[in-house]
Amino acid sequence: MMGFLRRAAALPLIMLGVSVAVFVAIHALPGDPARLLAGQQAPEAVVAALRHRLGLDLPLPAQYGRFLLHALHGDFGLSLRNGVPVATLVLGRLPYSLALGGLAYMLALLVGIPGGIVAAARAGSWADHLLTGLTLIGASLAGFWVALLGMEVFAVRLHWLPLMGAGGWRHYVMPACVLALLPAALILRMTRAGLVTVLRQDYIRTARAKGLSPRRVMLRHALPNALAPIIAVSALNIGSLISGAVVTETVFDWPGVARLLVDSVRYRDYPVIQGITLLSVLGVLLATLAADAAIALLDPRQRRMS
Amino acid sequence: MPRPILASVALLVPLVAGFFPVRGDLLHAAESRVTELTVMLAEPPRSMDPADQSATATRSVLAPFYETLVRQDETGALHPALATAWTSSADGLRWRFAIRPGLRFHDGTNCDAAAVAASLRRLIDPKAALAGSGIFREIISSVEQEAGDVVVTLRHPYAEILPLLSVTQAAIVSPRAAARGDLGRHADGTGPFVFVAWRQGKDVRAARNPAYWGPAPALDRLRWVWSPEPSVLNMALQTGDADIVDPLAPVFARLYAPGERGATVAQVRRAPGAALFWAALNTKLPPLDDSRVRRALGLAIDRDALVAGLLHGFGRPACHALTPDIAGARSCAPGEARAHLAQARALLAEAGHGSGFTIAVAVQEPEEPIAEALQAMWRGIGVTLEIRRQEAGVWVQSAFAPPEAKRRAGTGMIITSWSAPFIADLQLRPLYASVSAAPAGANLGFFSDDAVDAAINAVAEERDPAIRRQTLDDLQARLDAQAPILPLYNADTVYGVRRGVEGVTALRDGEIIVAGASLAEAALPAGGAP
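As annotated in an unreviewed UniProt entry, chain A is ABC transporter oligopeptide permease OppB from Acidomonas methanolica NBRC 104435. If you open the UniProt record of chain A and go to Subcellular location (unreviewed entry), you find "Cell membrane".

(A) A look at the overall build of chain A. If you tally the helices and strands in chain A, you get 14 helices and zero strands. For chain A, the N- to C-terminal ordering of α and β elements is α-α-α-α-α-α-α-α-α-α-α-α-α-α. A principal-axis box enclosing the C-alpha atoms of chain A has dimensions of 85 × 55 × 30 Å. Relative to all contacts within chain A whose residues are 6 or more apart in sequence, the contacts with residues 24 or more apart total 70%.

(B) Inspection of the side chain of His27 of chain A at higher detail. Residues and elements named next belong to chain A. For His27, the position within the fold is in helix 2 (residues 11-28). Only 3.4 Å separates the side chain of His27 from the side chain of Gln63, close enough to count as a polar contact. Setting aside anything within four residues of it in sequence, one finds His27 in contact with Leu60, Gln63, Tyr270 and Gln274.

(C) Local environment of the interface of chain B and chain A. The interface of chain B with chain A comprises 61 residues on the first partner and 57 residues on the second. Taken together, the connections running from chain B to chain A amount to three salt bridges. A salt bridge links Arg266 of chain A to Glu43 of chain B; the nearest nitrogen and oxygen atoms lie 3.6 Å apart. Across the contact surface, chain B and chain A share nine residue pairs in polar contact (both at pLDDT 80 or more). Looking at the side of chain B that touches chain A, the elements with two or more residues in it are helix 1 (4-12), helix 5 (134-139), helix 8 (230-239), helix 13 (392-399) and strand 16 (411-419) of chain B.

(D) Summary view of the nonpolar core. Counting 76 residues, the largest nonpolar core has Tyr158, Leu428 and Tyr432 of chain B as the members making the most contacts within it. It is helix 4 (residues 113-124) of chain B that contributes the most residues to this core, seven residues altogether. Leaving out residues up to four positions away in the same chain, Tyr432 of chain B has contacts with Ala321, Gln427, Asn443, Phe447, Val452, Asp453, Ile456, Leu479, Pro484 and Ile485 of chain B. Core analysis: the next-biggest nonpolar cluster, separate from the first, contains 38 residues, Leu195, Val217, Leu223 and Ile231 of chain A among them.

(E) Just the pairing of strand 1 (residues 36-41) of chain B, in detail. Residues and elements named next belong to chain B. Within strand 1, six of the six residues are buried, leaving the element largely enclosed by the surrounding structure. Relative to strand 10 (residues 221-226), strand 1 is paired through six bridges, and the arrangement is parallel. When the bridges of strand 10 are listed, Thr38 appears paired with Arg223. Sheet analysis places strand 1 next to strand 11 (residues 244-246), joined by three bridges and oriented parallel. Looking at strand 11, one finds that Met40 is bridged to Val245.

(F) Representation of the pattern of salt bridges within the structure. Taken as a whole, this structure holds 40 salt bridges over all chains when the rule is applied. Note that Arg157 of chain A is salt-bridged to Glu152 of chain A, the shortest N-O span being 3.0 Å. According to the relative accessible area criterion, Glu152 of chain A is partly exposed, its value standing at 24%. Across the pair Arg221 of chain B and Glu36 of chain B runs a salt bridge whose closest N-O atoms are separated by 3.5 Å. Residue Arg221 of chain B is found in strand 10, and its partner Glu36 of chain B is found in strand 1; the two are separated by 185 residues along the sequence. Overall, Arg221 of chain B belongs to the partly exposed group, its relative accessible area being 32%. Since its relative accessible area comes to 11%, Glu36 of chain B is described here as buried. When salt bridges that share partners are traced, they join Glu36, Arg199, Asp203, Arg205, Arg221 and Arg223 of chain B into one network.

(G) Looking closely at a nonpolar patch on the surface. Residues and elements named next belong to chain A. Residues Trp126, Leu130, Leu134, Ile137, Leu141, Trp145, Leu149, Val153, Phe154, Leu158 and Trp160 make up a contiguous nonpolar surface patch of roughly 1100 Å² in combined accessible area. For the nonpolar patch, the secondary structure elements donating two or more residues are helix 7 (126-140) and helix 8 (143-157). Along the chain, Trp160 turns up in the loop between helix 8 and helix 9 (170-198).

(H) Focus on empty space enclosed by the protein. Enumeration over the complete set of coordinates arrives at two cavities of 30 Å³ or more. Estimated volume of the largest cavity: approximately 110 Å³. Every residue lining the largest cavity is counted, 14 residues in all, and those nearest its centre are Arg81 and Arg93 of chain A together with Pro44, Trp198 and Gln200 of chain B. Secondary structure elements with two or more residues in the lining of the largest cavity: helix 6 (86-121) and helix 12 (257-266) of chain A. Among the elements that line the lining of the largest cavity, the one with the most residues is helix 12 of chain A, at three residues.

(I) View of the UniProt feature "transmembrane region" (unreviewed entry) in chain A. All names here are of chain A. This chain's UniProt record puts "transmembrane region" (unreviewed entry) on residues 98-121, 133-160, 172-191, 226-252 and 272-298. Its end C-alpha atoms 26 Å apart, residues 172-191 is made of 100% helix and 0% strand. For residues 272-298, the helix share is 100%, the strand share is 0%, and the end-to-end C-alpha distance is 39 Å.

Parameters and conventions
Residues numbered from 1 in each chain as written. Chains lettered and ligands numbered in written order. Predicted model: local features only at pLDDT ≥ 70, side-chain atom pairs only at ≥ 80, totals over all residues. Heavy atoms only, no water. UniProt positions renumbered as here; feature names shortened; annotations may be inferred. Helix = DSSP H or I, 4+ residues; strand = E, 2+ residues; numbered from the N terminus. Contact = heavy atoms within 4.5 Å. Polar contact = N/O pair within 3.5 Å; in protein donor to acceptor, adjacent residues only side chain to side chain. Salt bridge = Lys/Arg side-chain N within 4 Å of Asp/Glu carboxyl O. Core = buried A, V, L, I, M, F, W, Y, C linked by side-chain atoms within 4.5 Å. Buried < 20%, exposed > 50% of the residue type's maximum accessible area, 1.4 Å probe, protein only. Pairing = 2+ DSSP bridges. Patch = residues over 30% accessible without salt bridge, like charges linked within 9 Å, V, L, I, M, F, W, Y side chains within 5 Å. Areas by Shrake-Rupley, 256 points an atom, 1.4 Å probe, with all protein chains shown as cover. 1 Å grid on protein atoms, 1.4 Å probe; cavity = no way out; pocket = protein on both sides within 12 Å on 5 of 7 lines; lining within 4 Å. Points joined across faces, edges and corners; volume = space filled by probe spheres on them.

Right, here's the structure in full:
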């Protein structure tokens, strides 16, 4: 418990360090936002005036100081592109990303964990080969390609699902499936690998010898002991969900944060990039903390260690 | 609002989706009986402020909201718009515009001479630092209101001041909206459609302006959405998620040819475009500092092949400095657009580079196929082209780097495109004038020639058409000889329109005009128009 609290208490310090790193990294990117915004037809005089208007001609430490001061008050600045407050932009889109990401994550768990259990329970069988083969395909296919294929088949040809955008529940089906593809494959493989190792342990043999049903052995004795790495991997998969969302949201015209990030990087919209990156880092850190807490709850050894 | 829980439940039974057809047009019909047109573009608008942007896609969005003093149609002819008449002084420096009476901005304020003058003064105000203001600040010295008219005073005569005042950047905005400071997010003009909302990441919506001074639009609503993926634009046209897509990638045009499945739902339209694709040669970097070498590179390009291979025929080869539709522009002579390898080799040998050399080109992803084609073509004269594909921000840094930085990086060539609204000066001055040498402007190869500078100024100021035409011709001949830039082709404006949508036009600068569009009876949503 103390370990968990210590890690939670370190969060603000980590975020401060990350904010410096993100600020430096973003400003180290080649490309002048003022020129990108003004376009190549604009003369340098206009670009220079725009640079001044946006405060981009200030020294970097002054820009960071201003950013930090405002950020501490919950103000992440204004978008360089359209003058909208970053918080408004990000919070307007966050529900869409959370809904899609949450759904995809749930789908990945729903497919990955039962699939992994089946594959481990029948290790070496045709079912195992089929499932692990499918995970290989799922992990190898480019999300971009799968998305376009799905759109062509289910939207253009069959008219079953909407092509793009966010709206009713049908709009979630294709993007969530595409986004869930890679994490589902990873979770399935991790679950299978963890369970196969656990199922060889002596206490499992003892449980079987006592006459417990295979279902009970698997769910009551094997799975809880194999869950720790699965939870850790699932938490880390939040990161891959965020990067996967960049492609998915772009292709499906989903009004989420990841698409905003892509557009913002293209135009070097520093305040928006900073806001989203910090939010993503915070999300991954919180997910990792939650995973640590869950593992500690499940595994008494972890509690003792911490 | 997203409903994650509902969506999760629904996802457990995804097959159910198969039982419910959800074609875009049916959804449209179900949700509303009003006539709405959805336009899908390749990028979101950059701003709702016409003076603070310079992108073709943004201009298409802004067109129904704003109007200019004079209007240019798809043939290039000028018509009165917010100004009903105009006169100029004998020296061409003072232009007086009579403002149409009874005009109102969408915010309800009067659009009179005072408002028009305020809008134009804002455009040339250096403190406003508006992205599209450059050329106006250079040309217009003051704007005054005089007895109900607006008087625009120029720093020097400018022959094409009327076409210049017809471009979107010169659109008249509500001074009250400008003072409020949110014009970048909320359009406020006098146009036939009123801005409704810009939902970031989703769409821009507009509704018919009931108080419009001109003919009432046939449509009730307009909506713009966007996707950067060309295949998504194509699919949206087929499903009905979009009524108009701009651009439609030429590679998809065949899907809508007569007899094809796509032809039953949509058609491909094309119009001569202003987008000139060109390669700027670094005239400060040997051996490109030798005009013979530059000419040789130009002669080795098969422009017909570029148009056929990269544009699938949707364009025109560009052999000279100006877009062919600009008055006085030279067109490709018969056979000129093909490669002339023997002449190119001879020129290279004369320049002492018969054994070839290597140059590096900085290019963005969309233009990379051009670089690859040039790489193959120049192999025939012993020139090796090293392609450096760069992300947009990196490319801008490379392209607008000063001579010393380009020399250090070994950047010999930049490939890009330029869209000038058919005003010769807007193509010549930024690309060829000494004062525009990067980083100050888009003269990316640092070309400098006093005679060319003088001719550019003369073309801009000369009001006698015959003299102007002759000066332009001489200037193009000089640029052909110097070859600081290799014009490649002019891409057509290619867009897709669903069957039943009428009255959509493309201006010569690539802007799609939908304000006058209507839906044929068969394309009207269930219940028809209200």
